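# Descriptive analysis of the structure
Residue-level listing of the chains:
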Number of protein chains: 2
Amino acid sequence: MSISSRFAVGIHILALIDLNKETASSSEFIAGSVNTNAAVIRKIMGMLKKAGLIDVQPGVAGAKLSKELSEITLFDIYKAVNVVEENELFSIHDKPHPDCVVGKNIQSTIEPIFMAAQSAMEKVFQNLTLEDIVKDIEAKEHIQ
Amino acid sequence: MSISSRFAVGIHILALIDLNKETASSSEFIAGSVNTNAAVIRKIMGMLKKAGLIDVQPGVAGAKLSKELSEITLFDIYKAVNVVEENELFSIHDKPHPDCVVGKNIQSTIEPIFMAAQSAMEKVFQNLTLEDIVKDIEAKEHIQ
DNA sequence: GTTCTTGTAACTGCATTGATTACATGTTTA
DNA sequence: TAAACATGTAATCAATGCAGTTACAAGAAC
């Protein structure tokens, strides 16, 4: 099990759009940087657009960020690309036997714990923005 | 995407073994409570055994916990059933283009963030034991 | 109007999950 | 000792999701 790379690619796309803002970033260009197919990029960009993170026009090359770098959290991207459903990071077996002490109560015991674990993970993304990503990339670039 | 229910089932199995300790809990009996096939239970119990959480003998009905309830954390179970690999909860696209500012640096920028998110999630399980689960189930039982 | 772009749909190969069946091996007991 | 019952494990199956690929309609720009 592993969470889809759409999330990592989404971050890559947005960072690239910003760092390449003098030029238009076509899906073909972005695909070259990500190392995948342009249709894959367009699909993910469609999700980012739907979430209000970028502006893209059919037929027009390139995309622009809809908000400031500091206003786009990693959590926004995470939700946009739909890699994990709300409170469904962990699967729970359904219909445990209702006549059993454990079967009867296990779901309501485990659910809040799984929700807490998922929340703890998502909070990390809520506290980071695209600005952090872009600054980190720029810092690495200046060292070299 | 969703993390395998093996984790939830693993917790169910261990809680049931404890709460049913007067009787031997055969894989068939546990399967009835979980509502699945006995072979599925035996496979998961094999993982729990391999991790040193339970004692089972081929041919002998039932299993016993190898440790005290308070000494088995949910993280132990989580690792035992192998639902998420170490530092691989999130996938990262590989071979981004090395000649691109973003492609060159994105992996090393994102990796520590993904690791931190996974750790935050796992910490929740490190701080809970089977004792918490069993007590919660018992408390619910007493209300009814 | 040709060329380039985005937006989508359809199809592929691959991996994982969970259920199921089957059977070898070990244990108990009558 | 033989029958009954248990675990351990392999093989198979359907369903699902991921990522890559091809194809093409629709929009925009030169």
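Up top is the structure.
Described in the following lines is the structure provided in the data block. (Residues numbered from 1 in each chain as written. Chains lettered and ligands numbered in written order. Predicted model: local features only at pLDDT ≥ 70, side-chain atom pairs only at ≥ 80, totals over all residues. Heavy atoms only, no water.)

## Topic: the packing of aromatic side chains
Note the cut-off: Note on aromatic contacts: the rings of Phe and Tyr and the six-membered ring of Trp form a pair at centre separations within 6.5 Å, being stacked when their planes are under 30 degrees apart, edge-to-face when over 60 apart, and tilted otherwise. The way it works is that DSSP assigns letters per residue, a run of H or I at least four long becomes a helix, a run of E at least two long becomes a strand, and they are numbered from the N terminus. Whether a residue is buried, partly exposed or exposed follows from its accessible area with a 1.4 Å probe, protein chains only, as a fraction of its type maximum: under 20%, in between, or over 50%, in that order.
Within the structure shown, the criterion is met by 18 aromatic pairs over all chains. Ring centres of Phe125 of chain A and Phe114 of chain B lie 6.1 Å apart, and the angle between their planes is 85 degrees; on these two criteria the pair is classed as edge-to-face. Residue Phe125 of chain A is located in helix α5 (residues 101-126), and its partner Phe114 of chain B is located in helix α5 (residues 101-126); the two belong to separate chains. A relative accessible area of 0% places Phe125 of chain A in the buried class. Among the aromatic residues, ring-to-ring pairing joins Phe7, Phe75, Tyr78 and Phe125 of chain A together with Phe90 and Phe114 of chain B into one connected group.

## Re the protein's contact with DNA strand C
What counts is decided by this rule: We call a residue near a given molecule or strand whenever any one of its heavy atoms falls within 4 Å of it. Here a polar contact means two N or O atoms within 3.5 Å. Within protein one must be a hydrogen donor candidate and the other an acceptor candidate, and residues neighboring in sequence count only if both atoms are side-chain atoms. Here the nonpolar group is Ala, Val, Leu, Ile, Met, Phe, Trp, Tyr, Cys and Pro; Asp, Glu, Lys and Arg are the charged ones; every other residue, Gly included, is treated as polar.
Around DNA strand C, 24 residues are found, and the nearest of them are Ser27 and Arg42 of chain A together with Ser4, Ser5 and Thr36 of chain B. Take the atoms of DNA strand C that sit within 4 Å of the protein: sugar and phosphate atoms are 66% of them. Here a phosphate oxygen of DNA strand C sits 2.4 Å away from a polar atom, N or O, in the side chain of Ser4 of chain B. Of the residues contributing to the surface near DNA strand C, the split by class is 10 nonpolar, 10 polar and four charged.

## What to know about the relation of the copies chain B and chain A
Here is the rule we go by: A least-squares fit on C-alpha atoms brings the copies together, and the residues used are those whose pLDDT is at least 70 in both copies. Two residues qualify as a contact provided that any one of their heavy atoms is within 4.5 Å of a heavy atom in the partner residue.
Mapping chain B onto chain A calls for a screw motion: a turn of 180 degrees about the axis and a shift of 0.0 Å along it, with 0.0 Å RMSD after fitting. Seen this way, the second copy is the image of the first under a two-fold rotation axis. Minimal C-alpha separation from the rotation axis in chain B is found for Met121 of chain B, amounting to 2.4 Å. Of all interface residues in chain B, 100% are interface residues in chain A too; the two copies therefore contact each other through one and the same surface.

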